[in-house]
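Notes for the structure review
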Amino acid sequence: MAEVENQLLKDVQEMLNEEKWTRAALSNYSTGQFKELDVFLKNARESKVYDELKKLCDEHLVHTKNSIIALYLSGMIALSRQLIDDAVLVNLVTIFVDNHKWGIVRYLCERILDYGESKFALRTLAECCKNENDEEPVIGIWERLVKADYEEADIAKALAEHYEKLGNTETAVDYYKKALHRYIGKGLFTNVREIWARLIEYGPEDIDFFLHVEKRVAKNISEEKSVLLLEDVFSSCKKRGEIDTAIGILKLILQYDERDSLARREITECFRIKYAGHSQLEECVRISNLTQNWRNVREAITDFEKHIAFDKGSFVFHRTWGVGRISAMRGDEIVVDFAKKRDHSMSLKMAVNALQTLSKNHIWVLKATQKKEKLHERVKNEHSWALKTVIKSFGNSCDIKRIKAELVPSVLSAGEWATWSAKAREILKSDPTFGVSQDNIDLFTVRERPISVEEKLYNEFKAQKNFFDRISTIREFEAKKEAELDSELFNEMFGYFTGYLRSYSQVNEQVMAAYLLVKEMAVRHPHLGNGLQAGFGEIFESVEDVPSLFLGLKDARLKEAFLLQVKLFINGWPDIYTRLFPHAMLPSIISSLEKEGYEDKLSAMIQNCFENYRDFRESVVWFYRNVKNPGWFTKANITEEKKIITLIYILDITYRDIDNHRDTTENRKINKQVYALLFKEGILESFIGGADRDTMLRIYTLISDVKDLDPADKLKLRGIIQERDPTFKFAGETEKKVSRGLMVTAAKYEEKQRRLSHIMDVEVPANSKEIAFALSLGDLRENAEYKAAKEKQDLLNSTVAKLKDEIERAQIFDPAAINVDRASFGTRVILVNQSSGAEESYTILGPWESDPENQVISYLSPFGGAIVNKKPGERFDFSFDQTKKDEKISYTVKEIHRAGAF
């Protein structure tokens, strides 16, 4: 095999030398010779000597820069590997273009296009066809070129004119729109206006398109030019009688130039047409000074629209009296019928300031005028109608929270909302009559014209504020079958990401994500690769902090793509992988290192994580859960005991960090995982089962020192150790518990916790509602309900504080620690009263369990304290009345037993 490879490279070297020595003229080259070179390429690929062959050709080009053979072989290998730099092939094609060798030019362009769309190859191929008088393929090539080159405007216009002559208006309009957007990008307004006029002629009703384009013109060219375009659209709308649309366009014009007197006259005329039947039309014009140039036009329009909304039969809303209907207009006075205030009259001036006008289809009007059962039935069953009604009621911009506030509980119950809202969200997502605001992704709008999938996703894209949410949206756009990837909407979205690649001073997560996304999409649509101006290696060199950048890629697919690019193009990739893993536990990193035989690096990485567990605590947990190959731990010199101890350390430091409010959410998650491993999944119990006495002592000591661990878990571990080794001594444990806090039984500890939970979860929320209700009654000075509720709140707060303090101090008593050699917590002591000779029995527990009537006393009580530590046969004196210390009773300890409670 090696001989074949060497012979292939030797043959190519001989060809290069022969070309150099003979100085073959360009006229001697034919497509047949390039086909022979393709055979060499095929053999080189099969023999896996592509790299060697390219290196050979590149070295030859250093001295012979116009070597046809070297240019072709090197260029085609680079192209097959999708390398960014195509200068070699461009140089080669240009040589034959300059010498009018059109047959070879065509062959070379077609070979380039075998690997994906190329702007240079398509443009040159079209020129070649024209020079060969072969016009038939040109249109198809132009169409491909327009898709591949998002800046090509002249050819897009030429295609539009071509289809226009054929009578294919739909396709012509599509290409005119492409040309229009591209001329805007180039700032060529004359061309823009020419096409604008054509599009108004062919589709005057496509107002959303015109409004979108005029915004681009205002931004990229000038607001003055945008006004000229809007004037054309206004004229078209007025001629067709679309007065509302015409008014909206005039408002836009006046936003750009409020001194535009022509627009002011036109909007006044349009208002007169729209409200021709209104009884107060001229009065509203006069009051608002709409026709007076001295009055700010936007303020005048606002005033006019406020006044014109008041007419007989109109609905209004007052914040106190609710919805009403205007029953009469009497000069400068109106009469309104509210539900609880009929025939209420007020001046028009007061009404404009105090009342909000409502349409007859406003949700408030419907709730006030329709029977609740009827409205409930319609809302419940007609989701789309209900959504449109609520959204339109609030300026055609509404979020889910507002929709819920309007419907629950006045129309739907809280239970009905759960099911209803799920269907509503689905409709808002899929129904083309709904869209989203371009300024806020949470705000929904109702469309007068059904919105296309492209427009809907484009609007979502524009409304997204988060970079990675935009990545999700453009992917969704790409996945839609009906979406066109050569549309200007897609181009604008795609251009958002390629813009990051054209102008960056340093490589951050956005720049890297943009590169990876463009690379990802170019695999499926090669012409999109034109947005890549540099290779991964070049971009990677500018990354200052690789782990931080990797963590900043908030997209799983991009992280995997980043890892693949590192492996393909970066020397020393295993070291980069081992640096990344502790920050992002991805199984693909482990599998790649294992597959490539880097087990030593894996072991070193594990050792590093366990030694630096404070920084890599999550990685330690991941390794414990997921590494099934014990050999990695053995090579890293990590024993099972070390793994357990490290987990205990992590449990302790996460508790401490939670208490200190450091990365609370992350530490809670890790703490929960470690706790589950040690106590719920039985790892600690299993380890203790095979441990020697010294190891058990070390583990128990560490667990005991974890301050915030539930005492019940410590008690359970103690029991496991005693079961494993009944002779195991916990020296000083009882004294330690007494000094640290209050000794209690497990049953009482749980009872106190249940009581605290009930107060916090039930009684406190109920009290908050009581206070809120009392506040709603007003006048707190003589509000008995409010005073009672506040007194109860103080009592609850006091009880909670006391319970928390007691629970904090409580130490659960271990029944295994009972020693009947002395009287102590958990024992029943039989005393002999030396004065009466009678026997008395007392159980010694804590203050929580104390019940003197049933002879249960606290070890902290005076009598209990006198008994504690006494042995059988020992005698002591005790005075029950401390004021009469000379009246003491003598007792003798007869017997000590384990208390019945244990």
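In what follows, the accompanying structure is described. Nothing here was measured: the structure is a model prediction, and the numbers come from that model.

Another aspect to go through is the overall build of the protein. Along the protein, the regular secondary structure elements total 44 helices and 14 strands. The C-alpha atoms of the protein give a radius of gyration of 42 Å, which is well past the 29 Å a tight globule of 902 residues would have. Overall, the C-alpha framework of the protein stretches about 135 × 105 × 45 Å when taken along its three principal axes. A total of 902 residues make up the protein; the buried ones form 47% of that total. Positive and negative side-chain charges of the protein, numbering 132 and 143 respectively, have mean locations separated by a distance of 4 Å.

Next up on the list: the sheet that holds strand β3 (residues 333-338). Ordered in space as β4-β3-β2-β1-β5, the 5 strands form an open sheet in which the pairing is antiparallel. Either end of the sheet is taken by a strand with one partner, and the two such strands are β4 (341-347) and β5 (356-358). Within this sheet the neighbouring strands show an average axis-to-axis angle of 40°, counted without direction.

A word on a nonpolar patch on the surface. A cluster of nonpolar side chains, contributed by L564, L568 and F569, occupies part of the molecular surface with about 310 Å² of accessible area. By secondary structure assignment, the location of F569 is in helix α30 (residues 556-569). Here F569 falls in the partly exposed class, since its relative accessible area comes to 42%.

Next up on the list: the environment of I403. Within the secondary structure, I403 sits in helix α22 (residues 400-407). Its relative accessible area of 0% is what places I403 among the buried residues. C-alpha of I403 to C-alpha of A766: the two residues are 363 residues apart in sequence and 27 Å apart in space. With residues up to four places along the chain from it excluded, the contact list for I403 reads L387, V390, I391, C398, W417 and W420.

Moving on, we come to the packing of aromatic side chains. According to the stated counting rule, one finds 43 aromatic pairs in the structure shown. With a centroid separation of 5.9 Å and 75° between ring planes, the pair formed by F461 and F497 is classed as edge-to-face. Taken together, the residues span a long stretch of sequence, with F461 in helix α24 (residues 453-463) and F497 in helix α26 (residues 488-502) at a distance of 36 residues. Note on accessibility: F461 and F497 belong to one class, buried. Consider the rings of F550 and F562, whose centres lie 5.5 Å apart with planes at 45°: the pair is tilted. Taken together, the residues span a long stretch of sequence, with F550 in helix α29 (residues 546-552) and F562 in helix α30 at a distance of 12 residues. On the basis of relative accessible area, F550 is assigned to the buried category, the value being 0%. What makes F562 buried here is its relative accessible area of 0%. Chaining the aromatic ring pairs together yields one cluster made of F461, F467, F468, Y496, F497 and Y500. Sitting over the ring of W385, R378 keeps its end group 3.9 Å from the ring centre.

Now for the sheet that holds strand β12 (residues 856-858). Read across the open sheet, the 5 strands follow the order β12-β11-β10-β14-β13; overall the sheet is mixed. Of all strands in the sheet, those bounded by a partner on one side alone are β12 and β13 (875-878). When strand polarity is set aside, the average angle formed by the axes of neighbouring strands in this sheet is 45°. Judged from the 6 bridges that link them, strand β10 (residues 827-833) and strand β11 (residues 839-845) form a sheet pairing that is antiparallel. Within the sheet, the bridge partner assigned to T827 lies in β11 and is I844.

What follows deals with the side chain of R447. Along the chain, the position of R447 falls in the loop between β7 (444-446) and α24. Residue contacts for R447: discarding those within four places in its chain leaves D208, P432, T433, F434, G435, E455 and N459.

You can see V93 is positioned in helix α5 (residues 87-98). Since its relative accessible area comes to 1%, V93 is described here as buried. A sequence separation of 599 residues divides V93 from D692, and the C-alpha atoms of the two residues are 80 Å apart.

Here the bond from V408 into P409 is cis, since omega is 5°, no more than 30 degrees from zero. Structurally, P409 is set in the loop between α22 and α23 (414-430). The phi torsion at N289 lies on the positive side, around 55°, for a residue other than glycine. Checked against the element boundaries, N289 lands in the loop between α16 (281-288) and α17 (297-308). At D663, a residue that is not glycine, the phi angle is positive and equals roughly 45°. When you line up the elements, D663 lands in the loop between α36 (640-659) and α37 (664-680).

The rules behind these values
Residue positions are counted from 1 within each chain, in the order its sequence is given. At least 70 in pLDDT is required for a residue's local features to be given in this predicted model, at least 80 for side-chain atom pairs to be given and counted, and no such filter applies to totals for whole chains, interfaces and linings, which use all residues. For the side-chain quantities, the full set of heavy atoms in the structure was used; hydrogens and water were omitted. Strands are runs of DSSP state E lasting at least two residues, helices are runs of H or I lasting at least four, and both sets are numbered from the N terminus onward. C-alpha atoms define the radius of gyration in this analysis, and the globule rule sets the expected value at 2.2 Å times the number of residues to the power 0.38. When accessible area is computed with a 1.4 Å probe and restricted to protein chains, residues below 20% of their type maximum are described as buried, those above 50% as exposed, and intermediate ones as partly exposed. Positive residues here are Lys and Arg, negative ones are Asp and Glu, while His and the chain termini are left out of the count. Every charge is mapped onto a representative atom, which is NZ of Lys, CZ of Arg, CG of Asp or CD of Glu. Two strands qualify as a pair provided DSSP detects at least 2 bridges between them. Axis lines are fitted through C-alpha atoms, for helices just across the contact stretch, and the angle between N-to-C directions can take any value from 0 to 180 degrees. Like charges are joined within 9 Å and nonpolar side chains (Val, Leu, Ile, Met, Phe, Trp, Tyr) within 5 Å, but only among residues with over 30% relative accessible area and no salt bridge; these make up the patches. Areas reported as accessible are Shrake-Rupley estimates using a 1.4 Å probe. Residue values count occlusion only from the protein chains shown. Within this document, salt bridges are pairs made up of a side-chain nitrogen of Lys or Arg and a carboxyl oxygen of Asp or Glu, the two lying within 4 Å of each other. We call two residues in contact whenever any of their non-hydrogen atoms come within 4.5 Å of each other. The criterion for an aromatic pair is that two Phe, Tyr or Trp rings (for Trp, the six-membered ring) have centres within 6.5 Å, with stacked assigned to planes under 30 degrees apart, edge-to-face to planes over 60 apart and tilted to the rest. By the criterion adopted, a ring carries a charge over it if an Arg CZ or a Lys NZ lies within 6 Å of its centre and within 35 degrees of its normal.

Purely geometric stuff here, so don't read any function into it on its own.
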